[in-house]
Amino acid sequence: QGAVDAKRRQELLQPLPVDASAPGGQQAAPPAAAAAPSPAAAAAVGEFRPPGRAGDAADATKHEDAGGVLSGMPPPEAFGKNSRHDAGDTFKDFRRWARQLPVWDLQAAGNQLPANTRRDIFEFLEKICNRRLYRNQGREILSMLLPLESWVAGGALDKSKM
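To keep things clear, this report deals only with the structure shown in the data block. (Residues numbered from 1 in each chain as written. Predicted model: local features only at pLDDT ≥ 70, side-chain atom pairs only at ≥ 80, totals over all residues. Heavy atoms only, no water.)

## As for the overall build of the protein chain
Broken down by element type, the protein chain carries 9 helices and 0 strands. Counted from the first residue to the last, the protein chain has its helices and strands arranged as α-α-α-α-α-α-α-α-α. Split into buried and exposed, the 162 residues of the protein chain put 23% on the buried side. (Helix = DSSP H or I, 4+ residues; strand = E, 2+ residues; numbered from the N terminus. Buried < 20%, exposed > 50% of the residue type's maximum accessible area, 1.4 Å probe, protein only.)

Next up, the structure:
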């Protein structure tokens, strides 16, 4: 096996041939066989499960939602009144999440969150706006969420506070 590895290493260290017909003498693309893993290796990687993981239905559901609009948002319990999560870190993570989403995804996220979670988020943002350090950034996030009907619907917003 050591001889095969040495041979493969030599192949990889060879410069790519230059394609004279390409503009600027660009290098030719490497052969497809060198870039793709063997079918056996690809199958082995696809079947890998970390120790202690049974691969039940709940686990599959988590992976399906991993690319959803709520992916990257802090957990709902982080916005609660007696949360053990650091408020500054929670706000930074929430702001990063909200700013990277287009408005239609923010609207969809509001539809997916229950009214009590949205209420907790608005109360959390109100507290953040009372902090001098995060005041302007908190207002920025509120200005993004308040126009979206899905975020303020269902009694999630106490309009007397805003």
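## Let's talk about the packing of aromatic side chains
Applying the stated rule across the entire model yields 6 aromatic pairs. Taken together, a centroid distance of 5.3 Å and an interplanar angle of 80 degrees make the contact between F79 and F94 edge-to-face. Here F94 lies in helix α5 (residues 87-100) and F79 lies in the loop between α4 (57-65) and α5, a separation of 15 residues in the sequence. Ring centres 5.4 Å apart and planes at 35 degrees place the aromatic pair F94 and W97 in the tilted group. Taken together, the positions of F94 and W97, both in helix α5 and 3 residues apart, correspond to about one turn of that helix. Ring-pair connections join several aromatic residues into one group, and the members of that group are F79, F94, W97, F122, F124 and W151. (Phe/Tyr/Trp six-rings, centres within 6.5 Å; stacked < 30°, edge-to-face > 60°.)

## Observations regarding the pattern of salt bridges
Scanning the model with the defined rule gives 5 salt bridges in all. Between K92 and D89 there is a salt bridge, and its shortest N-O distance comes to 3.9 Å. Taken together, the residues K92 and D89, both in helix α5 and 3 residues apart, mark about one turn of the helix. K92 sits in the partly exposed class, given a relative accessible area of 40%. The salt bridge partner of D93 is R96, with a shortest N-O separation of 3.1 Å. One end of the pair is D93 and the other is R96, both in helix α5 and 3 residues apart, which spans about a single turn. Given the relative accessible area of 55%, R96 is considered exposed. (Salt bridge = Lys/Arg side-chain N within 4 Å of Asp/Glu carboxyl O.)

## A closer look at the environment of A115
Of note, A115 is situated in helix α7 (residues 115-129). For A115, a relative accessible area of 21% corresponds to the partly exposed category. Once the C-alpha coordinates of A115 and G154 are considered, the two residues, 39 residues apart in sequence, prove to be 5.9 Å apart.

## Regarding the packing of α5 against α7
The N-to-C vectors of α5 and α7 enclose an angle of 115 degrees; their axes lie 11 Å apart at closest approach. The angle between the axes of α5 and α7 places the two elements in the roughly perpendicular class. Like other packed secondary-structure pairs, α5 and α7 cross with a definite hand, here left-handed. Together, A87, T90, F91 and F94 of α5 and I121, F124, L125 and I128 of α7 make up the contact between the two elements. Split by residue class, the contact of α5 with α7 holds 7 nonpolar, 1 polar and no charged. (Axes fitted to C-alpha atoms, helices over the stretch in contact; angles between N-to-C directions. Parallel < 35°, antiparallel > 145°, perpendicular 65-115°, else oblique. Left-handed = near helix turned anticlockwise from the far one by under 90°. Contact = heavy atoms within 4.5 Å. Nonpolar A, V, L, I, M, F, W, Y, C, P; charged D, E, K, R; others polar.)

## Structural notes on the nonpolar core
Within the largest apolar cluster, 24 residues are counted, with the highest numbers of intra-cluster contacts made by F94, W97, L106, I121, L125, L145 and W151. Breaking this core down by element, the ones donating at least two residues are α5, α6 (103-112), α7, α8 (135-145) and α9 (149-152). Among residues more than four places away in sequence, those in contact with L145 are F94, L106, F122, L125, W151 and V152. (Core = buried A, V, L, I, M, F, W, Y, C linked by side-chain atoms within 4.5 Å.)

## Things to note about α8
When α8 is considered as a whole, its buried residues turn out to be G138, I141, L142 and L145. What you see down the axis of α8 is that its buried residues fit within an arc of 100 degrees, all on one side. (Arc of directions from axis to C-beta.)

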